[in-house]
Amino acid sequence: MEYRQLGRSGLKVSEIAYGNWLTHGSQIEEDGARKCISAALDEGITTFDTADVYALTKAEEVLGKALAGVRRESVEVCTKVYWPTGPGANDRGLSRKHIIESANASLRRLGTDYIDLYQAHRYDHDVPLAETLRAFDDLVRQGKVLYIGVSEWRAEEIAEAMKIAEDLGLDRIVSNQPQYNMIWRVIETEVVPMSRQHGIGQMVFSPIAQGALTGKYLPGAAPPAGSRATDEHGSNFIRYFLADEILGKIQRLKPVAQEAGLTLAQLAVAWTLQNPAVSAAIVGASRPDQVRENAAASGVRLDEETMRRIDDVLAGEIITDPAYTPASSTYSTVAARAGLAQPYDQSAGTYSTAATAGAA
Ligand SMILES: NC(=O)c1ccc[n+]([C@@H]2O[C@H](COP(=O)([O-])OP(=O)(O)OC[C@H]3O[C@@H](n4cnc5c(N)ncnc54)[C@H](OP(=O)(O)O)[C@@H]3O)[C@@H](O)[C@H]2O)c1
């Protein structure tokens, strides 16, 4: 396993991280989760990503238990706040009240004294940014959080946060957690250039497009048993990538992967790591053999010809428009057009309970 600097912070992360959205506390049993974590540690993965909302708070508990007994200094534990964790008006978002309460609850569930990286899971349009940044800064000063990051914020929102932090002398954001894979390249035009300027590293999620880029879903065929596409919560989120046109093109990537000496999953993970703005690719896995397969993508260098062939095969399916950033005010429109899952209905101002159970 190779390790990278998280942006211009002093923190090193394993370039392949392991995340437990939709799996721990939900799709797979605790024993299976423990085996995946154990495989990750064996492969040299030290960076683990979760969120208060995953499996309605159970995912943090499962991760905490699986890491109990592991030397705390040898791992980086990353979690997030924003999506609803309870029924109350203040059980959500990035207010000072919810951030402080949610951080303390995450610490209890994770069974640790500090969170290495605490991330704002989305941008909160209802809370003054300075309030959010001060609450994060307080957690850092209390030693409960070591570094702060965001997830799926737009370039201008991150830039505004950097300015406020500088003006008020608050702790700075060091990471962003966006979706990024061979098909979904929304961050490349705006978020990445702005982040590089401010020394912010990308911890990218869904590098395998939730399993679609493994080639195991075939056009016109039923999804394999036990896969995310058959999971109660996961099926809604992966749906976009299961269109026949996309799946057909993914099948045409198989020879590209074979000639590079890789599986399709490894090609997908390695592709994200070719971008120097990426600090880590956060992979998910429902079985330990998937963790091992994906971890082997560390250190792989793809040549220019391979990168070009990937672009050629996927032409027409690659999404680059920054309007697809979920925090964007235009997101609900583009998401509806693309048939993307939306746990938060912006027009109604409500959260769907079923979708929140699987909120990303
Ligand atoms: N910040 C956010 O808003 C956000 C959103 C999404 C994710 N994330 C983070 O990113 C992490 C990873 O996201 P993700 O789970 O969507 O990533 P992913 O790595 O693209 O997809 C993981 C899923 O693909 C399947 N898979 C993985 N490796 C495979 C292999 N080698 N062969 C066959 N199938 C394989 C597994 O599902 P099945 O076996 O069930 O098919 C696995 O659970 C999450 O756990 C979370 O920490 C963050």
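Residues numbered from 1 in each chain as written. Predicted model: local features only at pLDDT ≥ 70, side-chain atom pairs only at ≥ 80, totals over all residues. Heavy atoms only, no water.

J.: Report on the pattern of salt bridges, specifying residues and quantitative values.
T.: Tallying each qualifying case throughout the model produces 21 salt bridges. With its nearest N and O atoms 3.9 Å apart, the salt bridge here joins Glu73 to Arg71. Here the two residues Glu73 and Arg71 agree in accessibility, since each one is exposed. Across the pair Asp138 and Arg96 runs a salt bridge, and its minimum N-O distance is 2.8 Å. One end of the pair, Asp138, is in helix α4 (residues 129-141); the other, Arg96, is in helix α3 (residues 96-110), and 42 residues separate them in sequence. By relative accessible area, which is 34% here, Arg96 ends up partly exposed. (Salt bridge = Lys/Arg side-chain N within 4 Å of Asp/Glu carboxyl O. Buried < 20%, exposed > 50% of the residue type's maximum accessible area, 1.4 Å probe, protein only. Helix = DSSP H or I, 4+ residues; strand = E, 2+ residues; numbered from the N terminus.)

J.: Give me α3: which residues, what numbers.
T.: An ideal rise of 1.5 Å per residue puts 21 Å on 15 residues; α3 measures up with 21 Å between its terminal C-alpha atoms. Among the residues of α3, those classed as buried are His98, Ile99, Ser102, Ala103, Ala105, Ser106, Leu107, Arg109 and Leu110. Considering only its buried residues, α3 is in contact with α2 (58-67), β5 (76-81), β6 (115-120) and α4. One or two steps after α3, the chain reaches Gly111, where phi turns positive at roughly 65 degrees. (Expected span 1.5 Å × (residues − 1). Contact = heavy atoms within 4.5 Å.)

J.: Please give an account of the environment of Ile148 that cites residues and values.
T.: Its place among the elements puts Ile148 in strand β7 (residues 145-150). With relative accessibility at 0%, the residue Ile148 sits in the buried group. For the pair formed by Ile148 and Tyr18, sequence separation is 130 residues and the distance between their alpha carbons is 18 Å. Residue contacts for Ile148: discarding those within four places in its chain leaves Leu117, Tyr118, Phe136, Val140, Asp171, Arg172, Ile173, Val174 and Ser175.

J.: So what's going on with the sheet that holds strand β3 (residues 16-19)? Which residues, and what values?
T.: Within the closed barrel, the 8 strands sit side by side as β3-β4-β5-β6-β7-β8-β9-β10. Their pairing is parallel. Each neighbouring strand pair of the sheet contributes to a mean axis angle of 30 degrees, computed without reference to strand direction. Summarising the sheet, strand β4 (residues 47-49) and β5 pair through 3 bridges and their orientation is parallel. Of the residues in β5, the one forming a bridge with Thr47 is Glu76. (Pairing = 2+ DSSP bridges. Axes fitted to C-alpha atoms, helices over the stretch in contact; angles between N-to-C directions.)

J.: Describe the site of the ligand, and please don't skip the residues or the numbers.
T.: Looking at the ligand, there are 35 residues lining it, with Gln27, Asp49, Ser206, Lys216 and Ser286 nearest. One of the backbone N or O atoms of Trp21 is found 2.9 Å from an oxygen atom in the ligand. Separating a nitrogen atom of the ligand from a side-chain N or O atom of Ser151 is a distance of 2.8 Å. Among the elements of the structure, β10 (278-283) and α11 (288-295) are those that each provide at least two residues to the shell around the ligand. Along the lines of polarity and charge, the residues of the shell around the ligand split into 12 nonpolar, 17 polar and 6 charged. (Near = heavy atom within 4 Å. Polar contact = N/O pair within 3.5 Å; in protein donor to acceptor, adjacent residues only side chain to side chain. Nonpolar A, V, L, I, M, F, W, Y, C, P; charged D, E, K, R; others polar.)

J.: I'd like a rundown of the packing of helix α1 (residues 30-42) against α11, residues and numbers included.
T.: The geometry of α1 relative to α11 is characterised by a closest axis approach of 8 Å and an angle of 25 degrees between their N-to-C directions. With respect to their mutual orientation, α1 and α11 come out roughly parallel. Note on packing geometry: the crossing formed by α1 with α11 is right-handed. Here α1 contributes Lys35, Cys36, Ala39 and Ala40 to the contact with α11, which in turn contributes Pro288, Val291 and Arg292. (Parallel < 35°, antiparallel > 145°, perpendicular 65-115°, else oblique. Left-handed = near helix turned anticlockwise from the far one by under 90°.)

J.: How would you explain the side chain of Arg228 if you had to name every residue and give the values?
T.: Considering the arrangement of structural elements, one finds Arg228 in the loop between β9 (201-205) and α7 (234-238). The side chain of Arg228 is buried and forms no salt bridge, while Asp231, the nearest opposite charge, is found at 6.4 Å. Among the polar contacts listed, one links the side chain of Arg228 to the side chain of Gln210, at a separation of 3.1 Å. Once residues within four sequence positions are removed from consideration, Arg228 is found in contact with Trp21, Leu22, Gln27, Gln210, Tyr217, Gly234, Ser235 and Ile238. (Lys, Arg positive; Asp, Glu negative; His and termini not counted.)

J.: Give a description of the confidence of the model for the chain that names residues and reports values.
T.: Reading fine detail from the predicted coordinates is not recommended where pLDDT is low. This prediction gives the chain a mean pLDDT of 92; 91% of its residues lie at or above 70. Contacts for the low-pLDDT stretch residues 344-356, under 50 throughout, to residues beyond four places or in other chains number 24 contacts. (pLDDT = per-residue confidence, 0-100.)

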